[in-house]
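# Overview (structure and organization)
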Amino acid sequence: MAAPARIKRVIAPSELSQQRSRETEPHAALERGKVNIFTLLAVPDSPVEIAETENIASLAIYCRYPFILLFDTKVQYLLVDALLKKEEAKVQAGQELVRNRMQGNSDIPRIPFLHFKLRRQHLLEDALKKLSIVEDCDLQKELLVEFNGETTTDNRAAMTEFFLLVAEKMVQPDCGLFTCSDPLLPVWFPNHPLVDKKMYYHYGILCGLAIFNEFTIYLPFPLALFKKLLSKKVTLEDLKELQPTMGKSMQRLLDTENEKDVENLDLYFTLSWENQTVELVPNGATERVTHLNKQNYVNKCVDYILNISVAETYEEFKKGLYKVCNKDIFLFFQPEELKDLVAGHSNYNWAAFEQTTVYMGKYSAKHPTIIRFWKVFHQLPLEKKKAFLYFITGNDKIPALRAQNICMKISSFGVPNESYLPEANTCSRLLLLPEYSTNDVLRRKLLLALENNKGFDKDTIPGLQHF
């Protein structure tokens, strides 16, 4: 029997929302007999197929059933959508230029790029100013980053440095945008922000620009953020990730079966959060938590911390993000996938990391210093390996975007003697490694570099200079 013909169908935006609400569970549609399996399988699975579709404008809503798409295919949809929008801006500018010349008009069309010219010494200040004045119509254009007084032929290197420095700075506690009770825990939106709410809108635009231009950025948020972006319900498990101690206490409350034990906890429908006590329900200060209503109490706590208390700042962030990114394509992803896409994933392959490394100068895979380096590196615990990855790339995760370009370079050019620490140039993923005489010396110098320095900020350690 001949194989059924592949069926392709582009649906209207109005039908998409209706279909999404009807078919929320993948297997439910099949079980009810409403979906032809061959229609389900007829989805484009490569950028070539996507680009060959007749209705390119419907790219983001092409597939009715995104749950059958592989993660890589969803990423391809996202990248092609961004590419088409960048090219569209260039085509429109070209057409306008030709039209103006034919009409004898000397007007120059709007440039088809988003141009950021920044001062290194005031990078965050300049970036925020640019984000505050950029027009919506320019956000979905190719980004060009230029540093005052510098010339470069590698715009991607300049963008790498821009996103690495600005994105990390904006999530640091001293910037005031986000709160973090412990350096090892995720950051979160504050109940009472210390900065203007528009800053969260600008941060959302920054994250959107990174995704739109195929960059993975340092984004130390819990999975709850990505659930919220996809309109998924947050749960106690999300609170455990953000606040493990509080989350575990609430789990113990739920696990308590004895009614007396629950009453002895003397809990009421109130919550102390960020130096403030709030009532979770009307007259919550007088309503006791019992065995019967403890689940409702926990739900109210989770809802307040992850939703109600951060509603204003989170909504500003989301609005900024979706000013740049296509929400319809985002909805193809599951929360875990979206987190991997934006912030990188943790599926480390250290053997592949070694195999893809490029050596420069006198170094090669068989050089004694390189052999020592990899022996020391593979003996490091996972946290130290992640710290090294951050040292080299500015992120301790593996990018889902442009992952094929993640390769480290180890150079002997301009490297001082073994009394110096290793240096890194984050933008080019370059490690400047002195020729250490023993494994012990190499290990000690490497760990000291990881503990005290970052690849794009070497001024904190005497003797190290910016590459």
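If you're wondering where the values come from, they're calculated on a predicted model, not measured in any experiment.

Counting across every chain of the model gives four cavities of 30 Å³ or more. What lines the second largest cavity is simply Leu 78, Asp 81, Ala 82, Lys 85, Gln 140, Ile 211, Phe 212, Val 324, Cys 325 and Asn 326. Broken down by secondary-structure element, the contributors of at least two residues to the lining of the second largest cavity are helix H5 (71–102) and helix H8 (198–212). No other element matches the four residues that H5 contributes to the lining of the second largest cavity. Residues of the lining of the second largest cavity, tallied by class, amount to six nonpolar, two polar and two charged.

Further remarks concern the UniProt feature "active site" (unreviewed entry) in the protein chain. Following the UniProt record, the feature "active site" (unreviewed entry) maps to Cys 427 here. Mapping Cys 427 onto the fold places it in the loop between strand S7 (423–425) and strand S8 (430–432). The contact partners of Cys 427, leaving out residues within four places of it in the chain, are Ala 157, Thr 160 and Glu 161.

In the contact formed by helix H7 (residues 155–170) and H8, the axes pass within 11 Å of each other and the chain directions differ by 145°. For H7 against H8, the interelement crossing comes out left-handed. Between H7, through Phe 162, Phe 163, Val 166, Ala 167 and Met 170, and H8, the contact on the second element is made entirely by Met 199, Tyr 203, Leu 206, Leu 209 and Ala 210. In terms of residue class, the contact of H7 with H8 is made up of 10 nonpolar, no polar and no charged.

Rules behind the numbers
Per chain, residue numbering runs from 1 following the sequence as it is written. Since the coordinates come from a predicted model, pLDDT governs what is reported: local features require at least 70, and pairs of side-chain atoms require 80 or more to be given and counted, while whole-chain, interface and lining totals use all residues. With hydrogens and water excluded, all non-hydrogen atoms of the structure serve as input to the side-chain values. Residues are called lining when one of their atoms sits within 4 Å of a cavity or pocket point, these points coming from a 1 Å grid over the protein atoms alone, where a cavity is a set in which a 1.4 Å probe fits but cannot get out and a pocket is an open set with protein on both sides within 12 Å along at least five of seven lines. Grid points are joined across faces, edges and corners, and a volume is the space filled by probe spheres set on the points. Helix and strand labels come from DSSP, where a helix needs a run of H or I of at least four residues and a strand needs a run of E of at least two; each type is numbered from the N terminus. Classification used: nonpolar for Ala, Val, Leu, Ile, Met, Phe, Trp, Tyr, Cys and Pro, charged for Asp, Glu, Lys and Arg, polar for all others including Gly. UniProt positions are given in the numbering used here, feature names are shortened, and annotations may be inferred rather than shown by experiment. The contact rule is simple, with two residues in contact once any of their heavy atoms fall within 4.5 Å. Each axis is a line fitted through C-alpha atoms, taken for helices only over the stretch in contact, and angles between the N-to-C directions span 0 to 180 degrees. Crossing handedness is read from the near helix: turned anticlockwise from the far helix by less than a right angle, it gives a left-handed crossing, and turned clockwise, a right-handed one.

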